Amino acid sequence: MNVPALTTDQMITVDRLMIQEFAVSLEQMMENAGHNLADLARRMLGGALQQRSLAVLCGLGNNGGGGMVAARHLHNWGARVAVVLAGEASRLKDTPRHQWEILARMGLAQATPKLAEADLVIDALIGYGMHGEPRPPVARWIERMNAAQAPILSLDVPSGLDATTGAAGTSCVRATATLALALPKTGLLAPGAQDYVGELWLADIGVPPELYRRMGLGVVLAFAEASIVRLAERPQTAQGA
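Residues numbered from 1 in each chain as written. Predicted model: local features only at pLDDT ≥ 70, side-chain atom pairs only at ≥ 80, totals over all residues. Heavy atoms only, no water.

1. Remarks on the nonpolar core
Piece 1. Residues Val-14, Leu-74, Val-83 and Tyr-212 are the most contacted members of the largest nonpolar core, which totals 69 residues.
Piece 2. The leading source of residues in this core is helix H2 (residues 26–44), at 6 residues.
Piece 3. Among all residues touching Leu-74, those that are not within four sequence positions of it are Ala-38, Ala-41, Leu-49, Leu-54, Ala-79, Val-81 and Ile-122.
Piece 4. Met-145, Ala-148, Ile-152 and Val-173 belong to the second largest nonpolar core, which has 19 residues in total. (Core = buried A, V, L, I, M, F, W, Y, C linked by side-chain atoms within 4.5 Å. Buried < 20%, exposed > 50% of the residue type's maximum accessible area, 1.4 Å probe, protein only. Helix = DSSP H or I, 4+ residues; strand = E, 2+ residues; numbered from the N terminus. Contact = heavy atoms within 4.5 Å.)

2. Let's talk about the side chain of Asp-123
Piece 1. Relative to the helices and strands, Asp-123 resides in strand S4 (residues 120–124).
Piece 2. Although Asp-123 is buried, it forms no salt bridge, and the closest oppositely charged side chain is Arg-174 at an N-O distance of 12 Å.
Piece 3. Here the side chain of Asp-123 touches Ser-159 through a polar contact of 2.6 Å, side chain to side chain.
Piece 4. Not counting chain neighbours up to four residues away, the residues in contact with Asp-123 comprise Leu-57, Asn-63, Met-145, Ile-152, Leu-153, Ser-154, Leu-155, Val-157, Pro-158, Ser-159 and Val-173. (Lys, Arg positive; Asp, Glu negative; His and termini not counted. Salt bridge = Lys/Arg side-chain N within 4 Å of Asp/Glu carboxyl O. Polar contact = N/O pair within 3.5 Å; in protein donor to acceptor, adjacent residues only side chain to side chain.)

3. Comments concerning helix H5 (residues 138–148)
Piece 1. Of all the residues in H5, the buried ones are Val-138, Ala-139, Trp-141, Ile-142, Met-145 and Ala-148.
Piece 2. Looking at the buried side of H5, the elements it contacts are strand S2 (53–58), strand S3 (80–85), S4 and strand S5 (152–155).
Piece 3. After H5 finishes, the residue Gln-149 shows a positive phi value of roughly 65 degrees.

4. Side note on the packing of H2 against helix H4 (residues 94–106)
Piece 1. Between H2 and H4, whose axes approach to 10 Å, the crossing angle comes to 55 degrees. Regarding the angle of H2 to H4, the classification is oblique. The handedness of the crossing between H2 and H4 comes out as right-handed. On H4, the residues that touch Leu-26, Glu-27, Met-30 and Glu-31 of H2 are Thr-95, Pro-96 and Gln-99. (Axes fitted to C-alpha atoms, helices over the stretch in contact; angles between N-to-C directions. Parallel < 35°, antiparallel > 145°, perpendicular 65-115°, else oblique. Left-handed = near helix turned anticlockwise from the far one by under 90°.)

5. Considering the environment of Gln-149
Piece 1. Inspection of the secondary structure puts Gln-149 in the loop between H5 and S5.
Piece 2. Note on Gln-149: relative accessible area 72%, which makes it exposed.
Piece 3. As a C-alpha pair, Gln-149 and Leu-115 span 34 residues in sequence and 8.5 Å in three-dimensional space.

6. Some details on the packing of H2 against helix H3 (residues 62–76)
Piece 1. In the contact formed by H2 and H3, the axes pass within 7 Å of each other and the chain directions differ by 55 degrees. One way to sum up the angle between H2 and H3 is to call them oblique. As for the relative orientation of H2 and H3, their crossing is right-handed in sense. For the pair H2 and H3, contact is made by Leu-26, Met-30, Glu-31, Gly-34, His-35, Leu-37, Ala-38 and Ala-41 and by Asn-62, Gly-65, Gly-66, Gly-67, Val-69, Ala-70, Arg-72, His-73 and Leu-74, respectively.
Piece 2. Here the residues of the contact of H2 with H3 sort into 8 nonpolar, 7 polar and 2 charged. (Nonpolar A, V, L, I, M, F, W, Y, C, P; charged D, E, K, R; others polar.)

7. Points about the pattern of salt bridges
A side chain with one charge can pair with a side chain of the opposite charge if their charged atoms come near.
Piece 1. On inspection of all chains with the given rule, the structure shows 8 salt bridges.
Piece 2. Salt-bridge contacts for Asp-94 lead to Arg-97; the nearest nitrogen and oxygen are separated by 2.9 Å. Of the two residues, Asp-94 and Arg-97 are both situated in helix H4; the distance of 3 residues between them amounts to about one turn of the helix.
Piece 3. Arg-97 sits in the partly exposed class, given a relative accessible area of 25%.
Piece 4. Close ionic contact of Lys-185 with Asp-156 constitutes a salt bridge, the shortest N to O distance being 2.8 Å. One end of the pair, Lys-185, is in the loop between strand S6 (177–181) and helix H6 (194–197); the other, Asp-156, is in the loop between S5 and S6, and 29 residues separate them in sequence.
Piece 5. Note on Lys-185: relative accessible area 1%, which makes it buried.

Right, here's the structure in full:
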C-alpha cells in the first residue's frame, strides 16, 4: 500500500482542517480512534475477549482519550479491563475528561494494575505532539510497561518516540504493535524506530480525501477494504502542506 507519511506539523494541520473546515469533531475522531484500537487489541488476542485481561494506560491528552474509548469497548466486549490515568484527573483536557467520566461511572478505573499478568497492555500515554523527554509519572509507567514483558499495543506513536524524527527518549515504549491514526507519522519509519514501533498498523479516523487533496497529498484511499490495515511497505514522506 502506497500511502504518505506525515510530520507532526502536517498532522496538526489535518486535525485543524477536520474540525474547522470539515466539521468533524474531536469527539468523532476520538471515538473512531478508540474503536479501531479496541478492534486491533481484540485481533491481537485471537478474537475472543472473555476471561482476557487488559491494562490501558492513558495520558491526560487526546491520545489518552482514545485509550479510554478503547477501554470502554473492550469492557463491553467481555474483557477484564483496568484503566490507569497517568496524572491528576483535574488536569484532563475537556474531551478526554468526558471519556474519563464515562469510565468512572462504569467502575473501570484501577490505579495499580498488575501489568505482568495482563494478556495485553495498551499504551495511550503520549500522542504525536510530544516535545522533550517523558516526565514522571508517565516515564515511570513506560518503564513499568517495558519491564512487564507483556505484549504492548501503542496508539498512534509509542510513548517516548518523537513522531517526526523517530528519536527515542530515555524512557520509550517498546511496542509489539503500533496503530497509527489517519496516516503514519514520519518518525515511525525512521532508522532504529522499528525496535520501538513493532508491527505498524493504520486506522481510519474519518479523514475525507478532499482534505488530503487540499494539503497537496493527492487522493489517499488507504481504507477501501478495511478500517484497519497493516503497513507492510514503507510509506513515502509527504511533501505537501
